[in-house]
Amino acid sequence: MSAVMPELLTSTHVEKMKKKKPPKRYWEETENTDQSQRRPEEEEGKAGQNQNESTVKERPLKRKNDERLEKKDPFPGEAPIPHKQLQKFQRGEKCKVPAGARRRLKEAITSSEAMSEHAQKQAARYDLLLPEDAGFLEGDEDEDTNTISQDDIADAVDITSGSKYFSLHLSQFGPYRLDYSRTGRHLLVGGKKGHVACIDWQTKDLMCEMNVMETVNDVKWLHTEAMFAVAQKRWLYIYDSKGVELHCVKKFNDVLRMQFLPYHFLLATASATGFLQYLDVSVGKEVAAICTKMGRLDVMAQNPHNAVIHLGHPNGTISLWSPNQKEPLVKMLCHRGAVRSLTVDKTGTYMVTSGLDRKLKVYDIRAFKPLHSCFLPAGASCLSLSQRGLLSAATGDIVQVYQNILGSSPVSKPYMAHRLRGQIWGLAYCPFEDVLGIGHGEGFTSMIVPGAGEPNFDALDTNPFRSYEQRQEWEVKALLEKVQPELIGLHPEQLSKVDQASFEQRHKEQVEALGFDPLAKVKFKPKTKKKGRSSAGAIEKRKRKVAHEDQRDEIRQSVQERTEREKELKEKSNEKKLGNKSTLDRFRK
Amino acid sequence: MAADEEELSINEQAISASEDEEGSDDERKHKKLLEAISSMGSRKRKKQNERSEASVQVSEFFVNAEGTGEKVNLSDLLGTVEKTSGASNKTKKQLRNLQSSKETLELPLNKQQTEKIQRGIAYEKTAAEVSCWRNIILQNQKAEQMVFPLNQESPGPKRVEQVVAGWKVQTPLEQEIFRLLHINSQPVDDPVLTPVEEQSLKAMSLEEAKIRRAELQKARALQSYYEAKAKREKKIKSKKYHKVQRKAKCKDFLKQFDEMVKTNPEGALEELKKMELSRMEERMSLKHQNSGKWAKSKAIMAKYDDSARKAMQEQLQMNKDLTQKIVVPSDDEHESNEEGLETIPDFVNDSEPVIDSVNPWMRGQLTHEEPEVSCVTTEDVQTAEEENEEEELVGEFERKRKLRQADEEDLIPTEEERKRAGLKKIQPASEVVEEDVVEVSDKEEEDDDDDDEEEEEEDVSEFNTLFRLMRSEKTLEGSNQTREGLNTPGQEDEEGLLNEGQIRVRNIEDLEVLGEFVDPQPIAEPSLPRTAAVEATSEPPYKKKREIDLKEVLTKEAKAVKVPFLPTVVDEEERDEQISIIKEAFAGDDVISDFIKDKSKLEAAGRPEVVDLTLPGWGEWGGVGLKPSRWKRKRERDEQISIIKEAFAGDDVISDFIKDKSKLEAAGRPEVVDLTLPGWGEWGGVGLKPSRWKRKRFRIKTAPPPPRQDQKLPDVIISENRNASVASHQVSQLPFPFQNTAQFESSIRTPIGPTWNTQSVVKNMTKPKVITKMGAIIEPMVKEDFIKNKTTTPGGKGPAIMLGENKRAKEGTKRSSEKHRGRRSQKRRK
């Protein structure tokens, strides 16, 4: 490698690579958008009109006119919003007021429509505040981008970006799994042989490092960077960022893979015994434990759109689970061989899977239909999708990054590739950064992948630059907005639909939930009688006759038992007395 | 009689005294005298009490009915008008017209109808009045946000002059506070003592204050004693007691009055006025005139009953007393009366006393001194008597009470005795009855037992027969079933098995082809694959793996991907490469061991499918202890091995999936209910089946469920279970104004949270429906508030002529508004 490096360095990769475009500034020459085009025209037209007017009128008037002209707004009204932008924020279909609707209905529909339109417009307007755009690597003519090495990229880009390409040589404790925190600031790595470390990877600040002296199957950050979960050989452990063991959750054993659902505060674990368990980390309670009956579960992913857990199985199927159902929501046959890895994109539209049959398949999981599949000669052991839809696949000791894999047409060659030493064990994109983290047998490597991360972040949700206090506040707010696990389902929009189940069905569910039929016992309703016997008092009397029948029965029974017991006792005592009596008692005084 | 004589003499004296004063009073006095005389006899007196005087005398106070029957003409009344020149021609003409017109006035409408009309008009009026509120109410209902109080000042900044100069006590609270301060002459600034306190300090010393306090205490104590006493006395129920009390009070009052005339003439005058009022009332009413029902009955009784007569007399006396003109003698007069007639009355010389200045009647000497005095005397006598009576009565009461107590004491024991006796009488009977009942019940029980036993025996026998029948039927059915099972399901099973054996879905592409058939009904392929499988048995499993040949199948669709660091694998030696790749893939994973385990399990599960086709004794000797020949067994083993290999091939992943799916589909299908009753309507018995028509007729098929979601997706199983956990959070009934779910759903499609919206939109969406100002009083809406800004039409443009009703309505509204204002201002004042 090192021999090749200088040559590569000499070549001018800087030109080839188109860095992230800087945001457009107002003083720069902008390509004329339809807005800006329209405006000058309008201005001109108006100016022309005014001129015409002024020529007709006399001089003093003209002056006045000019004054007015100065004050007049050249762009009256609100700024127009491009249709495309508007469409981006369209939510559902508009509802029209039906003909002959009543006043109240009309009002309700019109007001709600107006409100949603207003919301849509405002959102489209505020879209202006997301100026950052993602850039991509571009090669010269007849040069593949995947031949560009990481070192070249690191040299070409600015120092801070270049420092994002680094590797940690940790050859001692075996292949590493990794996880980035949700803000993308913190990195957690866990070696197979027990080495766990968390790092603020941008400053290279080591937060904690330890060896748990046990096999580590998986590591995962919890809702903040203050806590993380480690799936060890037997139990699930939770540590804080200083490495202090907070919990040892013995209900969760033999965990192989974990996923954290950030909005539900649920830690989902898949175990070697075939159990899928959910731990509510906000209250520390097990929400659901589902026996999948599918054997060892070592392939797991979450759908960020609806918080459904995807599990891959050795029989080539992938099953979708929610904590509310004991059977899979969906089970789909994806591969002929076992499923090796799977990942779901941010919007919950696409799922990418790889199997032992060395195929890579892209599914539309809204329709459960395969979009396209491609054959990877080496097969992919790990898959990961970035926020912008770049797919990275680990084939052997090579990491390949694919672009436009989520489109309808299959791709023929990777966008980037990088060779590492040792088996790749974990892959994860860093959120809001153009960085791909790779855990492998020789340690950890951070790789620059231009165009991977989302350039615009929601500072109220995940702020990479947040301070300690901001984090605390965010934690409180997030806890207040916690979504209950009951709401997890395939269709999150179901909540906004009217439940159209029949009464019988609902009643059945109620009976199941309660364990008894609340409507089974009909309330006593006295017959109406004539001749004043159905007066309120009489009815009350009759009701009282049958009131508390169950209790009465019980009481009656208990009383009977008691009396019987007493009787027996009496008899016994009598017998005793009789038995003790002797003929000589009569002579006693 | 002595009293009467006295009265007479007094009367005479009175007459003599007044005779010389005024001649005009002569007649009256004479009449009085006559009355007095006549009143001595009871009969005449009675006559006199009738109201006959009106008809005798003509006075301006009475209406004389002498001229009844004569009609009054208009000309009679207005005859003079014609002649007088002062009256205008117009009025004359009108009068003439009136005279000439013969039309009678129409009858007024009856009460109901007039009321109805009035109600109608009133309704219209009020409706008009109320309807002007309608718009504003609608507007407020529609309004997205209401801010109370309604007419608030604009919240913007004010000019300095306004703020400084125009500061007044504005809020009612401030007003109240300042008013209170002002009234109590409290300091607006902050001195230590208020002026009132200072004054009080100056007013008296400590000792004085103490004395005063003691006095006050005493007064209070006395008052409380008096109150207690009054309360106690008020509670006494005896009528007689109260009567006596009242009279005593009256007497007291009279005494007081005399004193009062001396000391407090104004108060006396007031009292007099009161008396005058009572006199007037008495004169107006027929009370105490013995004309009522009671009086008449008493009048009848009066002949025989002394007390009745007395009562009547009392009544009359009362009337007389009350109707008598009371002229309180002034001090001087009293003196004169007391002193007698010898001296000349002082009042002749005296100037008029202060009291009399107002009342000219008070000037002269009293004419009616005597009757009053007489009254008093009689009353005195009566009261004395009554007091005696009262005492007697009280005594009687006590006696009676004692008697009653004694009676009760007597009674109680007797009752007890009675009760005891009754009980004694009753008890034995009940005992007897109970015994009887017990006996009877015993007997019944015995009977019942007997019956039961018999019944039981019968039951048992019946049961046995039934049971036997059942068993026979069962056996029959069983035999039927077995036969059927042999016939149909068995065949089906076999077919199924065969079919399954024949499926050889090689890969997913095949599966997708399969998916085009709606039912994953496996197609019977020609026997080629089978032979292939058989062929495959000879090869070792290792080769078998290669023989699966993923590439052949998968490269068809999928493109091989070129990776720079990896030599393109595909075209090179297939076997080694693939093995290496697979090994690589498996390296570190223990997937393969799992995989193999799973496979072996599957194989174990798959074993029953291997049908033992060896028929012992088929083609060779059969019997106990003889096994099928070796080559047969070997063949079977080979087959099994081949099956295991097949399992490893991964083909059965697909078939398993298909099986799973078909199972689920079958479970989802509703079952067919068979209601056929064998032997119903036709011959029944062993070996007889219900007819085909019947089976068809009574087999109930329920409607098929809606198509599964995964019906057209062969490689997907979607659970059909309802998500009940979300259902509890869903809206289950369509809310009011919406007509269908689509409308409602679209109305809630836009989220309101800050995660999805901009700040301003969130604020706008979640703004409260009502905003109230802290501490401000929200008063009811007044008409001016909304009418003011609407109807600002100048007065000149209004209609010149207003209809009466409208006018009135307007006035009414004005009045109501005034009322409102009045109420408001009152509130403020408060």
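For the structure given in this document, a descriptive report is provided here. Keep in mind that this is a model prediction, so the values were computed, not measured. (Residues numbered from 1 in each chain as written. Chains lettered and ligands numbered in written order. Predicted model: local features only at pLDDT ≥ 70, side-chain atom pairs only at ≥ 80, totals over all residues. Heavy atoms only, no water.)

### A few points about the environment of Ile236(B)
Residue and element names in this part refer to chain B.
Right, so step 1: Here Ile236 lies in the loop between helix H12 (206–235) and helix H13 (239–263).
Right, so step 2: Classification of Ile236 by relative accessible area gives partly exposed; the value is 35%.
Right, so step 3: If we skip the residues at most four places from it in the chain, Ile236 touches Tyr241 and His242. (Helix = DSSP H or I, 4+ residues; strand = E, 2+ residues; numbered from the N terminus. Buried < 20%, exposed > 50% of the residue type's maximum accessible area, 1.4 Å probe, protein only. Contact = heavy atoms within 4.5 Å.)

### Looking at the pairing of strand E3 (residues 186–191) of chain A
Residue and element names in this part refer to chain A.
Right, so step 1: For E3, the buried fraction is high: six of the six residues fall into the buried class.
Right, so step 2: Side chains His186, Leu188 and Gly190 project from E3 onto one buried face, and the interleaved Leu187, Val189 and Gly191 project onto a second face that is buried too.
Right, so step 3: Strand direction decides the pairing type here: strand E2 (residues 176–180) and E3, joined by five bridges, are antiparallel. When the bridges of E3 are listed, Leu178 appears paired with Val189.
Right, so step 4: Where E2 folds back on E3, the antiparallel hairpin that results is connected by five residues, among which Gly184 adopts a positive phi of roughly 85°.
Right, so step 5: Where E3 meets strand E4 (residues 195–200), five bridges bridge the pair, whose relative direction is antiparallel. Each residue of the ladder has a partner; that of Leu187, found in E4, is Ile199.
Right, so step 6: Hairpin connection of E3 to E4: three residues between the antiparallel strands, including Gly194 at a positive phi of 105°. (Pairing = 2+ DSSP bridges.)

### Comments concerning a nonpolar patch on the surface
All names here are of chain A.
Right, so step 1: Residues Tyr126, Leu128 and Leu129 make up a contiguous nonpolar surface patch of about 360 Å² in total accessible area.
Right, so step 2: Relative to the assigned elements, Leu128 resides in the loop between helix H6 (103–126) and helix H7 (150–156).
Right, so step 3: The exposed category is assigned to Leu128, whose relative accessible area is 68%. (Patch = residues over 30% accessible without salt bridge, like charges linked within 9 Å, V, L, I, M, F, W, Y side chains within 5 Å. Areas by Shrake-Rupley, 256 points an atom, 1.4 Å probe, with all protein chains shown as cover. Salt bridge = Lys/Arg side-chain N within 4 Å of Asp/Glu carboxyl O.)

### Details of the sheet that holds strand E15 (residues 308–312) of chain A
Right, so step 1: Pairing within the open sheet is antiparallel, and its five strands lie in the order E14(A)-E15(A)-E16(A)-E17(A)-E4(B). In this open sheet, the two strands that pair with only one neighbour each are strand E14 (299–303) of chain A together with strand E4 (716–718) of chain B. Between one strand and the next, the sheet's axes are offset by a mean angle of 15°, whatever the strand orientation.
Right, so step 2: Of the pairings in the sheet, the one linking E15(A) to strand E16 (residues 317–321) of chain A comprises four bridges and is antiparallel in character. Looking at the pairing, Leu311(A) lines up with Ser319(A) of E16(A). (Axes fitted to C-alpha atoms, helices over the stretch in contact; angles between N-to-C directions.)

### Things to note about the packing of aromatic side chains
All names here are of chain A.
Right, so step 1: Under the counting rule described, the total for this entry stands at eleven aromatic pairs over all chains.
Right, so step 2: Aromatic rings pair up to connect Phe166, Tyr180, Trp201 and Phe444 into one cluster.
Right, so step 3: For Lys204, the ring lying beneath its charged end belongs to Phe166, and the centroid distance is 4.5 Å.
Right, so step 4: Positioned above the aromatic ring of Trp474 is the side chain of Arg466, whose terminal nitrogen or guanidinium carbon lies 4.8 Å from the ring centre. (Phe/Tyr/Trp six-rings, centres within 6.5 Å; stacked < 30°, edge-to-face > 60°. Lys NZ or Arg CZ within 6 Å of the ring centre and 35° of its normal.)

### Details of a positive patch on the surface
Right, so step 1: A cluster of basic residues, Lys527(A), Lys529(A), Lys531(A), Arg533(A), Lys541(A), Arg544(A) and Lys545(A), forms a positive patch on the protein surface.
Right, so step 2: By the element assignment, Arg533(A) lies in the loop between helix H10 (503–514) and helix H11 (536–546). (Lys, Arg positive; Asp, Glu negative; His and termini not counted. Charge placed at Lys NZ, Arg CZ, Asp CG, Glu CD.)

### Details of the nonpolar core
Right, so step 1: Ranked by internal contacts, the top residues of the largest apolar core, which has 35 residues, are Tyr278(A), Met332(A) and Met351(A).
Right, so step 2: Sequence-distant contacts of Met351(A), defined by excluding residues within four places in its chain, comprise His310(A), Ile318(A), Met332(A), Cys334(A), Leu342(A), Thr343(A), Val344(A), Lys361(A), Val362(A), Tyr363(A) and Ile365(A). (Core = buried A, V, L, I, M, F, W, Y, C linked by side-chain atoms within 4.5 Å.)

### Let's talk about the packing of H13(B) against helix H14 (residues 265–284) of chain B
For any two helices packed against each other, the geometry comes down to the angle between their axes and how far apart the axes lie.
All names here are of chain B.
Right, so step 1: Two numbers describe how H13 lies on H14: the axes approach to 6 Å, and their chain directions differ by 135°. With respect to H14, the element H13 is oriented oblique. Along the contact surface, H13 presents Phe253, Phe257, Met260, Val261, Lys262 and Thr263, while H14 presents Pro265, Gly267, Ala268, Glu271, Leu272 and Met275. (Parallel < 35°, antiparallel > 145°, perpendicular 65-115°, else oblique.)

### Considerations on the pattern of salt bridges
Right, so step 1: Throughout the structure, instances matching the rule amount to 30 salt bridges over all chains.
Right, so step 2: Its salt-bridge partner being Glu78(A), residue Arg125(A) comes within 3.6 Å of it at the nearest N-O pair. Note that Arg125(A) is positioned in helix H6 and Glu78(A) in the loop between helix H4 (59–71) and helix H5 (83–88), a separation of 47 residues in sequence.
Right, so step 3: Exposure remark for Arg125(A): the relative accessible area of 26% places this residue in the partly exposed category.
Right, so step 4: For Glu78(A), a relative accessible area of 62% corresponds to the exposed category.
Right, so step 5: The residue Asp306(B) makes a salt bridge to Arg309(B) at a minimum N-O spacing of 3.1 Å. Residue Asp306(B) and its partner Arg309(B) are located together in helix H16 (residues 306–323), separated by three residues, close to a single helical turn.
Right, so step 6: Residue Arg309(B) is classed as partly exposed on the basis of its relative accessible area of 35%.
Right, so step 7: One salt-bridge network, in which partners are shared between bridges, spans Asp499(A), Arg506(A), Glu509(A) and Arg722(B).

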